[in-house]
2 protein chains.
Amino acid sequence: MAVQNAFEQKKKAILNEIDSTQPDLSPKGTIDELCLPIIDLINSSADMVTTSSCSGRVSVFLEGTKSYNGEVKIGGKGQGGKWLYVTHDRGKVIGWLDELRSKSEFLLEISRNQDLVEKVTGSTRYILYKYEPFILHVKCRDFQVASKLYNEAMSCGFRESGIGSNNLVAIRINIKLDVPIGYLDEDSSTLKFFVGPEYINVLDSLSLNKFDENTKKMQALYEKIKRELLNKSPNSNAKTGVIPAETKEERRERKKKEGMERQRQLKSTSNVL
Amino acid sequence: MAVQNAFEQKKKAILNEIDSTQPDLSPKGTIDELCLPIIDLINSSADMVTTSSCSGRVSVFLEGTKSYNGEVKIGGKGQGGKWLYVTHDRGKVIGWLDELRSKSEFLLEISRNQDLVEKVTGSTRYILYKYEPFILHVKCRDFQVASKLYNEAMSCGFRESGIGSNNLVAIRINIKLDVPIGYLDEDSSTLKFFVGPEYINVLDSLSLNKFDENTKKMQALYEKIKRELLNKSPNSNAKTGVIPAETKEERRERKKKEGMERQRQLKSTSNVL
């Protein structure tokens, strides 16, 4: 009987989930499209499998309730926090305020002269504007592979990366925005902004720059992993950071073939646990 | 002849530097006082040594120049960035704007109605207001110790921790603020703020909350390391998060004794490299 080792069993289970049509556990329910090239690259190695990812996003988040039994909890996001807007798409950053105005369950009020700031207390539920960069978790066959992946990620500028338990590598970079832009007035169900549209334009334009920087870093990491961990020449199918286009149908077809190939390989391995 | 192994040599060299009166490589040149209890605790273990730390801080940072040879560099902090204000002291957060006004080489202009935002371009050098939490790097004797320290840090909420090369554990948490609050008008050497003092009060009060949350997390980590890695009872010298007070003189005396004890121990070890 062919026996898979623990890593191979885990990898197979993860890839089956990725390939299924069921939504995953993220709020969005699917893998970010911009992550697909690097995910496919990593999963093409017999020694690695991706377990979670985010390609980078802009979000506007309403903090949850911070007071329990009359006691105000310091710090933390609180219970019942709510995303007012989330986009992973550089093209959908500009205009979020208008979209929020037309779709939100709350009223919106924007104050240019910051008189609203006076209403802030310890239990205020803030509205936070965030840019969060690319993050990727990769489970590796052994510590040697994890260590190599970690080193390559660090060398591409992912300076907050680290190896965790069970050879799981977290690839992280620190290009963030985390800005309080207003609060929820619970009495009137109104989102009160203490910054004006001009300031929001500044935030949006900084986010666009961060999206660009983030994409460059992802591409550098793609090339590095391809060259150093998969020993493929940089010209074999992606030149200087340009990741090849593939239609959804092509991808599905390729994944199917790869899955069959994996099954075949797994059947022929006989590593004992 | 007594021979130290590589970890013990490294630890000894690091501790000698910590104990010297020379400034270290950080901008401040000394270890943050709030880090001393956890640093001393960790260094009292034969299996760990701290290599760098920050107890948490508020800073106001002026980005460097982003344009080289007429070409604007997207993202990054640029060359020649400058700290306008830095404090690791919760008591010195409020009032930084007044202090900056009285001491800065630049003029200050504060606009309540955000008309200054219009002047922002791709090469604008922004003023960023940041809260950065506690961070600690610990070199461990072997992967087993590193792994245990990593797991305990994660269990205390330091969710961005990771093990790097050579069993170096980075202990990190994600409680940040990263807010653009203005820019440098180079023509008039003026720091132009596009947020008013009321908004800065909101940022400062959020930072104070983050300092408190940060201190709680540091204390939880202190207790956890003491209990789980040093096998000391929580009551042996620090009760429920209260870290014992020690004067500078007491500390110096204790460090001297500990240094002599270490020397004695090292002389009696005979681990070969």
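Where an unreviewed UniProt entry is consulted, chain A appears under the name tRNA wybutosine-synthesizing protein 3, with the organism given as Saccharomyces mikatae IFO 1815. Heading Sequence similarities (unreviewed entry) of the UniProt record for chain A holds this comment: "Belongs to the TYW3 family." The record held by UniProt for chain A lists under Pathway (unreviewed entry) the comment "tRNA modification; wybutosine-tRNA(Phe) biosynthesis."

Comments concerning the overall build of chain A
Helices and strands together make up the secondary structure of chain A, namely six helices and ten strands. The buried share among the 273 residues of chain A stands at 49%.

Brief notes about the packing of helix α2 (residues 36-43) of chain B against helix α5 (residues 197-228) of chain B
Residue and element names in this part refer to chain B. Remark: α2 packs on α5, axes separated minimally by 10 Å, with the N-to-C direction vectors making an angle of 15 degrees. When the axes of α2 and α5 are compared, the pair comes out roughly parallel. Of the two possible hands of crossing, α2 and α5 adopt the one that is left-handed. In this structure, α2 contributes Pro-37, Ile-38, Leu-41 and Ile-42 to the contact, and α5 contributes Met-218, Leu-221, Tyr-222, Ile-225 and Lys-226.

Some remarks on the packing of aromatic side chains
As enumerated under the stated definition, the model contains 18 aromatic pairs over all chains in all. Ring centres of Phe-134 of chain B and Phe-158 of chain B lie 5.9 Å apart, and the angle between their planes is 75 degrees; this geometry places the pair in the edge-to-face category. Placement of the pair is Phe-134 of chain B in strand β6 (residues 126-140) and Phe-158 of chain B in the loop between α4 (143-155) and β7 (162-163), with a sequence separation of 24 residues. Accessibility assignment for this pair places Phe-134 of chain B and Phe-158 of chain B in one class, buried. Three or more aromatic residues joined by ring pairs form one cluster here, namely Tyr-126, Tyr-183, Phe-194 and Tyr-199 of chain A together with Tyr-126, Tyr-183, Phe-194 and Tyr-199 of chain B.

Some thoughts on the environment of Val-120 of chain B
Here Val-120 of chain B lies in the loop between β5 (107-110) and β6. On a C-alpha basis, the gap between Val-120 of chain B and Asp-185 of chain B in space is 9.5 Å, while along the polypeptide they are 65 residues apart. The contacts of Val-120 of chain B, once residues within four sequence positions are left out, are Val-202 of chain A together with Tyr-126, Tyr-183 and Phe-194 of chain B.

As for the environment of Lys-92 of chain B
Along the chain, the position of Lys-92 of chain B falls in the loop between β4 (82-87) and α3 (96-103). When sequence neighbours within four positions are dropped, the list of residues in contact with Lys-92 of chain B reads Tyr-85 and Thr-87 of chain B.

Remarks on helix α4 (residues 143-155) of chain A
Counted at 1.5 Å a residue, the expected span for α4 of chain A with its 13 residues is 18 Å, and the 18 Å between its end C-alpha atoms agrees. Against β1 (48-62), β6 (126-140), β7 (162-163), β8 (168-171) and α5 (197-228) of chain A together with β7 of chain B lie the buried residues of α4 of chain A. You can read the cap of α4 of chain A off the contacts: a side-chain oxygen lies 3.2 Å from the backbone nitrogen of Gln-144 of chain A, and it is on Asp-142 of chain A. Downstream of α4 of chain A by one or two residues, Gly-157 of chain A has phi in the positive range, about 95 degrees.

Overview of the packing of α4 of chain A against α5 of chain A
Residue and element names in this part refer to chain A. It is the contact of α4 with α5, at a shortest axis distance of 10 Å, that shows an interaxial angle of 140 degrees. Regarding α4 and α5, the two cross each other, and that crossing is right-handed. Note on element contacts: α5 touches α4 through Leu-221, Lys-224, Ile-225 and Glu-228, opposite Lys-148, Leu-149, Glu-152, Ala-153 and Ser-155. Of the residues belonging to the contact of α4 with α5, the class tally is four nonpolar, one polar and four charged.

Basis of the calculations
- Residues numbered from 1 in each chain as written.
- Chains lettered and ligands numbered in written order.
- Predicted model: local features only at pLDDT ≥ 70, side-chain atom pairs only at ≥ 80, totals over all residues.
- Heavy atoms only, no water.
- UniProt positions renumbered as here; feature names shortened; annotations may be inferred.
- Helix = DSSP H or I, 4+ residues; strand = E, 2+ residues; numbered from the N terminus.
- Buried < 20%, exposed > 50% of the residue type's maximum accessible area, 1.4 Å probe, protein only.
- Axes fitted to C-alpha atoms, helices over the stretch in contact; angles between N-to-C directions.
- Parallel < 35°, antiparallel > 145°, perpendicular 65-115°, else oblique.
- Left-handed = near helix turned anticlockwise from the far one by under 90°.
- Contact = heavy atoms within 4.5 Å.
- Phe/Tyr/Trp six-rings, centres within 6.5 Å; stacked < 30°, edge-to-face > 60°.
- Expected span 1.5 Å × (residues − 1).
- Polar contact = N/O pair within 3.5 Å; in protein donor to acceptor, adjacent residues only side chain to side chain.
- Nonpolar A, V, L, I, M, F, W, Y, C, P; charged D, E, K, R; others polar.

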